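What follows is each chain in one-letter form.
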Protein chains: 2
Amino acid sequence: MALWYDEVFENSLRCGLKVKRTLFSDQSAFQRVEIVETELLGKALALDGLWMTAQGDEKTYHEMLVHPVMTTSPSIRRVLIIGGGDGGTAREVLRYPEVEHVDLVEIDGMVVDACKEFLPEIGSAWDDARLHVHIDDGIKWSRRTDVAPYDVIIIDGSDPVGPAQGLFDLEFYQGCENLLADDGVFVTQSESPVLFRDVHLDMIRVMKGTFKNVHPYYGTVTIYPGGSWSWTYASKSVSPRDIIRERVDFISEFTEIYNEDIHHGAFAIPNHIRRAL
Amino acid sequence: MALWYDEVFENSLRCGLKVKRTLFSDQSAFQRVEIVETELLGKALALDGLWMTAQGDEKTYHEMLVHPVMTTSPSIRRVLIIGGGDGGTAREVLRYPEVEHVDLVEIDGMVVDACKEFLPEIGSAWDDARLHVHIDDGIKWSRRTDVAPYDVIIIDGSDPVGPAQGLFDLEFYQGCENLLADDGVFVTQSESPVLFRDVHLDMIRVMKGTFKNVHPYYGTVTIYPGGSWSWTYASKSVSPRDIIRERVDFISEFTEIYNEDIHHGAFAIPNHIRRAL
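What counts as what
- Residues numbered from 1 in each chain as written.
- Chains lettered and ligands numbered in written order.
- Predicted model: local features only at pLDDT ≥ 70, side-chain atom pairs only at ≥ 80, totals over all residues.
- Heavy atoms only, no water.
- UniProt positions renumbered as here; feature names shortened; annotations may be inferred.
- Helix = DSSP H or I, 4+ residues; strand = E, 2+ residues; numbered from the N terminus.
- Buried < 20%, exposed > 50% of the residue type's maximum accessible area, 1.4 Å probe, protein only.
- Polar contact = N/O pair within 3.5 Å; in protein donor to acceptor, adjacent residues only side chain to side chain.
- Contact = heavy atoms within 4.5 Å.
- Pairing = 2+ DSSP bridges.
- Right-handed = clockwise from strand over helix to strand, strands pointing away.

What follows covers the UniProt feature "binding site: spermidine" (unreviewed entry) in chain A. Residue and element names in this part refer to chain A. Within this structure's numbering, the places UniProt gives as "binding site: spermidine" (unreviewed entry) are His62 and Asp86. The greatest C-alpha distance among the annotated residues, which extend across 25 residues, is 10.5 Å, indicating that they converge on a single site. Residue placement: His62 occurs in helix α1 (residues 58–70). Of the residues examined, His62 reaches a relative accessible area of 1% and is grouped as buried. Engagement of the side chain of His62 in a polar contact is seen with the side chain of Glu58, the distance being 2.7 Å. Within the secondary structure, Asp86 sits in the loop between β6 (78–83) and α2 (88–93). Since its relative accessible area comes to 7%, Asp86 is described here as buried. Setting aside residues up to four positions removed in sequence, Asp86 forms contacts with Leu45, Thr53, His62, Val111, Cys115, Ile122, Gly123 and Trp126.

This is the structure in structure tokens:
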């Protein structure tokens, strides 16, 4: 029997996928972790009842999170990923041969273990020798003073409730800025500009208190209620317009969505957000 | 008691809104017409169980359908709208003082009557003397030889099943091309590039058999399952890059989404669509 599995937003909007079977379901120290097989989009990961990623849809999210920073940061040798336990972000980062070292800091070991076993199609780069997985608190990691600067920092966390809450405050952004090379680039998912408009605006405002250049950008993710999604790009010195052509040409061979036009187009800000900022 | 009202895509994905009450529900000669009051997005129109438009979300759709053509067509004096029975498209068109005459051809009088009574917030321009509403078949209208050419033609129909089916074929596009001024611009909603990808690609291919310049463009509509949506711009001689600055500056005072950056950004084509075309 197939059942509907719905993400429900404020008890007023729901985004449901018909599920054929549950592959994994357990309670970690942090959250409910579930991997299910959907009829439309293949296997999908949900945390605490919120859709995170699905095989048939994950490129929209992972490509848009990863490639705008990777095609503009002058160096991409050292990369830090906080969150990203499904492995999709690391996979996109590791496509670039210039990448030498990736630290992936995920707080919930159960997410990594379950995704390695049941979602290897998304996390297809776990065995890459450049990837170093740390089951650890990303907020604590952001306060470290004993690591070399990163060229790129990518925040791939869930919504600002539960374990990801601390990924949305000034102290965390300041920590990341300290870990970032002077010509490095930072990016974070920054919620739906429609359904989480206040959170989205707050994040941009707080980041503007930390980074010199802050640029929200926008796209659509099928499994997130309402479809609208955003990411925010931040740097001390680099702009999203500073595209490195060879890198864009290289990565566009692999991508389903991302290309140079999509890159520039995504940074267009809707009027209602412009006015609020 | 509040109930969920879901649009269901292929029995595998659903987009539901919690509904407080039903304001109108009847079967016309063409379709089931329903106007309901939702908790999240105010009043909403559904036809045959498919979400068409909702107060709290309609700008995303209507602005993106209307303004790219209106800010690029050299003349915008005479406008034809086929479909658009909720009145939102006509409202956006009539914001431009240069518009002299609008023919709105909607096949289903019940949609117009119900929206006039229960959704006046969307169709707020019904009383504009420049607007001429015809309850008539848009496909028949496209074959007329006794009307002056239109500067702009806008197709605001529903999905290619039921009464809107004929709005998706070569003969219809050829009829519209015949009715279009040589420097006029045509636009149609062109379905979800994700969930109706094949229909979307077919529409572009067929339009390319009719119009010299054909440009799909993309956005997000909260109430459409998956969120992704597309429109397609077509012309004999005009390009979406030919922006008339005074018109963009004028209309951007009124819009929630649309501005010049959004205009250009929307025409970025995802790689998977580029490769398929």
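With that settled, the discussion passes to the pairing of β6(A). The two faces of a sheet get side chains in turn, since along a regular strand they alternate between them. All names here are of chain A. When you tally the buried positions in β6, you get five out of six residues, the bulk of the element. Across five bridges, β6 lies against strand β7 (residues 101–106) in parallel orientation. Looking at β7, one finds that Ile81 is bridged to Leu104. Where the polypeptide runs from β6 across α2 and back to β7, its parallel neighbour, the crossover connection is right-handed. With five bridges connecting them, β6 and strand β9 (residues 150–156) associate as parallel partners. Its bridge partner lying in β9, Ile81 is registered against Ile154.

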